[in-house]
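Residues per chain are reported as follows:
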Amino acid sequence: FFENIIREDRSVLDFLNGKYTFLNEKLAEFYGVPGVQGPEFRKVDLTGTQRGGVLTQGSVLTVSSYPTRTSVVLRGKWVLENLLNAPVPPPPPNVPMLDEPTVGTANSLRAQMEEHRANAICATCHSRMDPIGFGLENYDAIGQWRTEDGKFPIEGTGSLTNGKTFTGPAELEDVLAQQPDVFAAAIIEKMLTYALGRGLEHYDRPAVKQITANLARDNYRFSSLVLGIVNSLPFQQRRGDRSSNVSHP
């Protein structure tokens, strides 16, 4: 999927809601996508399915879950950190754990999380993470589609802090894609960090802003992202490894 975006010089926004992926027969069956036969991976149109972008890929959904159940907190945190570059602080000490044995049996996960958010200290971060996680709750802990969690129907509705509402993963992806420059700035900061070999500082912000503006004008093409970083002032004037210039007796 990533390699295809590079080779075809597609928009980086495809990471958010691109309606295609690469499947073989086994993975297609797992995703519930018909008409794919054989062990070879090939490009598959996802129009009309519950999949799109990286958020609905089994790898992302699995890594943002616990071993035995989903987690709206982990999934919301993953999106905030990796796609929006808006990390949340660590939880305060002595936060009570969920009553896991009752999730899906005596109580729904949403009901338990709403009770958790009743604590004002917890609500500050959970109001940002949980709605995103609920938008992905139709996928189980390994990314397979479902409509119920135990005996409770899944309510995949949420509202972001900017007031945008959604129901289900497709609408969540569309809401995120409505803020293209937010995602663009996030991927630019991460790739620039990698290119520089260091964390970004306040004096790098003008470069990020300029690359973001140029990327938008170029329809967010991947090549524009790479060229923007390579031609940026922080990359052009990066410091080399000083240890290579040190003479030894």
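Above: the structure in question.
Residues numbered from 1 in each chain as written. Predicted model: local features only at pLDDT ≥ 70, side-chain atom pairs only at ≥ 80, totals over all residues. Heavy atoms only, no water.

Thoughts on the overall build of the chain
Rules: Numbering of helices and strands runs from the N terminus, with a helix taken as a DSSP run of H or I at least four residues long and a strand as a DSSP run of E at least two residues long. Working definition: with a 1.4 Å probe on protein chains only, accessible area under 20% of the residue-type maximum means buried, over 50% means exposed, and in between means partly exposed. Here, two residues are considered to be in contact whenever any of their heavy atoms come within 4.5 Å of each other. Methods summary: accessible areas were calculated by the Shrake-Rupley approach with a probe of 1.4 Å, and residue burial reflects only the protein chains presented.
The secondary structure content of the chain amounts to 12 helices and six strands. For the chain, with 249 residues in total, the buried portion stands at 44%. Contacts in the chain between residues at least 24 apart in sequence constitute 58% of all its contacts with a sequence separation of at least 6. If you sum the accessible surface of the chain, you get close to 13,800 Å²; carbon and sulfur atoms cover 55% of it.

Describing the packing of aromatic side chains
Operational definition: For Phe, Tyr and Trp, rings pair up if their centres lie within 6.5 Å, where Trp contributes its six-membered ring, and each pair is then called stacked (planes under 30 degrees apart), edge-to-face (over 60) or tilted (otherwise). Either the NZ atom of lysine or the CZ atom of arginine qualifies as a charge over a ring when it sits within 6 Å of the ring centre and within 35 degrees of the ring normal.
One pass over the structure, following the stated rule, counts six aromatic pairs. Seen in terms of ring centroids, Phe2 and Phe15 are 5.7 Å apart; in terms of plane orientation they differ by 25°. Their pairing is stacked. Of this pair, Phe2 sits in helix α1 (residues 2-7) while Phe15 is found in helix α2 (residues 14-17), placing the two residues 13 residues apart along the sequence. A relative accessible area of 8% places Phe15 in the buried class. Taken together, Phe1, Phe2, Phe15, Tyr20 and Phe222 form an aromatic cluster joined through their ring pairs. The ring of Phe235 has Arg238 lying over it, and the distance from NZ or CZ to the ring centre is 3.9 Å.

Description of the packing of helix α10 (residues 205-217) against helix α11 (residues 222-230)
Going by this rule: To define axes, lines are fitted to C-alpha atoms, for helices over the stretch in contact only, and angles between the resulting N-to-C directions are given on a 0 to 180 degree scale. Every angle not falling under 35 degrees, over 145, or within 65 to 115 is termed oblique; those three ranges are roughly parallel, roughly antiparallel and roughly perpendicular. Helix crossings fall into two classes, left-handed where the near helix is turned counterclockwise from the far one by less than a right angle and right-handed where it is turned clockwise.
At a minimum axis distance of 9 Å, the contact between α10 and α11 shows a crossing angle of 150°. Overall, the two elements α10 and α11 adopt an arrangement that is roughly antiparallel. The crossing of α10 and α11 is right-handed. The residues of α11 that touch α10, namely those facing Ile211, Asn214 and Leu215, are Ser224, Leu225, Gly228 and Ile229.

What about the nonpolar core?
Here is the rule: Each nonpolar core is a collection of buried residues, namely Ala, Val, Leu, Ile, Met, Phe, Trp, Tyr and Cys, held together in the definition by side-chain atoms within 4.5 Å.
Ranked by size, the top nonpolar core spans 41 residues in total, and within it Val12, Phe15, Leu176, Phe183 and Leu225 carry the most contacts. For this core, the secondary structure elements donating two or more residues are α2, α5 (72-82), α7 (120-135), α8 (168-177), α9 (180-196), α10 and α11. Here the element with the most residues in this core is α9; it accounts for six residues. Non-local contacts of Phe183, meaning those with residues more than four positions away in its chain, are made with Val12, Leu13, Phe15, Leu16 and Leu83. In terms of nonpolar packing, the next biggest core, distinct from the first, is built from seven residues, Ala28, Val36, Val44 and Leu46 among them.

Some details on α11
We apply this condition: The directions from the helix axis to the C-beta atoms are what the arc is built from.
Burial in α11 covers these residues: Phe222, Ser224, Leu225, Gly228 and Ile229. Seen end-on, α11 carries its buried residues on one side only, within an arc spanning 165°.

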